[in-house]
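Architecture and fold: a report
Chain by chain, the residues run as shown.
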Amino acid sequence: MTFSVLMSVYIKENPMYLNESIKSVVNQTYLPSEIVIVKDGPLTNELNMVIDKYKEDYNDLFKIIELEENVGLGKALNIGIKNCTYDIIARMDSDDICVKDRFEKQIKVFKENENIDLVGSYISEFSGNKDNIENIRAVPTSHDDIVKYSKRRNPFNHMTVMYKKSAVLDSGNYQESFLNEDYNLWVRMLVKGYKVSNIPESLVLVRCDENTYRRRGGIKYIKSEVSLQKKFLKLNHINFYEFFSNILIRCGVRIMPNFIRKEIYNSLLRSKSKNS
């Protein structure tokens, strides 16, 4: 079964992390048919060198899309989706690491159930060394549980998803929604009736540090949360009670000091790794 991998890279990425990320993709037990990398604006020489090296080593595998200016993740992925050759697309972030058989396990889901339009998985969050797993973000696995969960929280780990291009485009593709581009898309897909699932194991290792929690706070994020909940209400995905309670809870977390927000994520919204 043929499929594309979609990544977006911008100037502030770490070249070493990008190298590890791409390496984990090209060393999969089930290889993609193409890897589409969107350069979201001009990159550093170091980042370009990483991409050029892989392009040279795997010339026919890579398709590079260069944007003249930084447009943000939502618009970059919107463009990237349109440039993917195959209907099945796997998302990958430029600083995370795929488990070796990630694609093999996800493709198996598509092969066994042609009605599935999107499949994700759990993630393992690590700090420093990839073997230093601290937390697991588990997500609901069945379609009905995912729909229910999505009324309160994001039901997918974005860097783990594999989906059908046709379903994404029919749902309006990625749209600009600060730090919520993925959540926004998932709900539109669910409202459209597309079938989804999650594999109950971690298929991607995700870097996590102080900046991870710092990025989840602030006025800009609060405005984005309110805007997102308004969209969900307009789509009839949530009712008025859910709308107001979501804003109260989610925005409350955004205005907390970083150390408290970190504790909430780690203690209440994640499960501890057996190795931690």
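Because the structure is predicted, anything quoted here is derived from the model rather than measured. (Residues numbered from 1 in each chain as written. Predicted model: local features only at pLDDT ≥ 70, side-chain atom pairs only at ≥ 80, totals over all residues. Heavy atoms only, no water.)

**Notes on helix α3 (residues 73–83)**
- For α3, the complete set of buried residues consists of Gly74, Ala76, Leu77, Asn78, Gly80 and Ile81.
- On its buried face, α3 sits against β1 (4–9), β2 (34–39), β4 (88–91), β8 (162–164), α6 (165–170) and α7 (181–192). (Buried < 20%, exposed > 50% of the residue type's maximum accessible area, 1.4 Å probe, protein only. Helix = DSSP H or I, 4+ residues; strand = E, 2+ residues; numbered from the N terminus. Contact = heavy atoms within 4.5 Å.)

**Quick word on the packing of aromatic side chains**
- For the structure shown, the criterion picks out nine aromatic pairs.
- Residues Phe156 and Trp186 carry aromatic rings whose centres are separated by 5.7 Å and whose planes lie at 75° to one another, so their mutual orientation is edge-to-face. Here Trp186 lies in helix α7 and Phe156 lies in the loop between α5 (143–150) and β8, a separation of 30 residues in the sequence. The same class applies to Phe156 as to Trp186, namely buried.
- Ring centres of Phe243 and Phe244 lie 5.0 Å apart, and the angle between their planes is 75°; on these two criteria the pair is classed as edge-to-face.
- Look at Phe243 and you get buried, because its relative accessible area is 8%.
- Three or more aromatic residues joined by ring pairs form one cluster here, namely Phe156, Tyr163, Tyr174 and Trp186.
- A cation over an aromatic ring shows up here: Lys53 above the ring of Tyr54, its NZ or CZ 5.2 Å from the ring centre.
- One cation-aromatic arrangement involves Arg207 over Tyr17; the distance from NZ or CZ to the ring centre is 3.6 Å. (Phe/Tyr/Trp six-rings, centres within 6.5 Å; stacked < 30°, edge-to-face > 60°. Lys NZ or Arg CZ within 6 Å of the ring centre and 35° of its normal.)

**Re the packing of helix α1 (residues 15–26) against helix α2 (residues 45–57)**
- At a minimum axis separation of 9 Å, α1 and α2 run at an interaxial angle of 20°. By the angle class used here, α1 and α2 are roughly parallel. In this structure, the crossing between α1 and α2 has a hand that is right-handed. Residues Pro15, Leu18, Asn19, Ile22, Lys23 and Val26 of α1 touch α2, and the partners they reach there are Glu46, Leu47, Val50, Ile51 and Tyr54.
- Tallied by class, the residues present in the contact of α1 with α2 amount to eight nonpolar, one polar and two charged. (Axes fitted to C-alpha atoms, helices over the stretch in contact; angles between N-to-C directions. Parallel < 35°, antiparallel > 145°, perpendicular 65-115°, else oblique. Left-handed = near helix turned anticlockwise from the far one by under 90°. Nonpolar A, V, L, I, M, F, W, Y, C, P; charged D, E, K, R; others polar.)

**Things to note about the environment of Asn132**
- Its location among the elements puts Asn132 in the loop between β6 (116–126) and β7 (133–137).
- On the accessibility criterion, Asn132 (35% relative accessible area) is partly exposed.
- Residues in contact with Asn132, not counting those within four places in the same chain, are Glu125, Phe126 and Ser127.
- One polar contact links the side chain of Asn132 to the main-chain carbonyl oxygen of Ser127, over a distance of 2.9 Å. (Polar contact = N/O pair within 3.5 Å; in protein donor to acceptor, adjacent residues only side chain to side chain.)

**Brief notes about the pattern of salt bridges**
- Under the defined criterion, the tally for this structure stands at nine salt bridges.
- Between Glu34 and Lys63 there is a salt bridge, with the nearest N and O atoms lying 3.8 Å from each other. In this pair, Glu34 is assigned in strand β2 and Lys63 in strand β3 (residues 62–66), connecting sequence segments 29 residues apart.
- Owing to a relative accessible area of 29%, Lys63 belongs among the partly exposed residues under this scheme.
- If you follow the salt bridges from partner to partner, you end up with Asp101, Lys105 and Glu201 in one network. (Salt bridge = Lys/Arg side-chain N within 4 Å of Asp/Glu carboxyl O.)

**Let's talk about the environment of Tyr58**
- Within the fold, Tyr58 resides in the loop between α2 and β3.
- The exposure class assigned to Tyr58 is partly exposed, which follows from its relative accessible area of 32%.
- Between the C-alpha atom of Tyr58 and that of Glu34, which follows or precedes it by 24 residues, the distance is 9.8 Å.

**A few points about the packing of α7 against helix α9 (residues 219–234)**
- Relative to each other, α7 and α9 sit at 5°, their axes nearing to 11 Å. One element, α7, and the other, α9, form an angle in the roughly parallel class. Taking contact as the criterion, the partners of Tyr183, Asn184 and Val187 in α7 are, on α9, Leu228, Lys231 and Phe232.
- For the contact of α7 with α9, the per-class residue count stands at four nonpolar, one polar and one charged.

**As for helix α4 (residues 102–112)**
- Every buried residue belonging to α4 is among Arg102, Phe103, Gln106, Ile107, Val109 and Phe110, and all of these are buried. What you see down the axis of α4 is that its buried residues fit within an arc of 150°, all on one side. Seen from the open side of α4, the exposed residues pointing more than 90 degrees away from its buried face are Lys111 and Glu112. (Arc of directions from axis to C-beta.)

**Some details on the nonpolar core**
- By size, the foremost hydrophobic cluster in this structure holds 31 residues, and its most contacted members are Phe3, Val5, Ile22, Phe103 and Met162.
- The set of elements that each furnish at least two residues to this core consists of β1, α1, β2, α2, β4, α4, β6 and β9 (195–207).
- Residues contacting Ile22, with those up to four places away along its chain left out, are Met7, Ile37, Val50, Tyr54 and Phe62.
- With 24 residues, the next largest nonpolar core counts Val36, Cys84, Phe156 and Ala167 among its residues. (Core = buried A, V, L, I, M, F, W, Y, C linked by side-chain atoms within 4.5 Å.)

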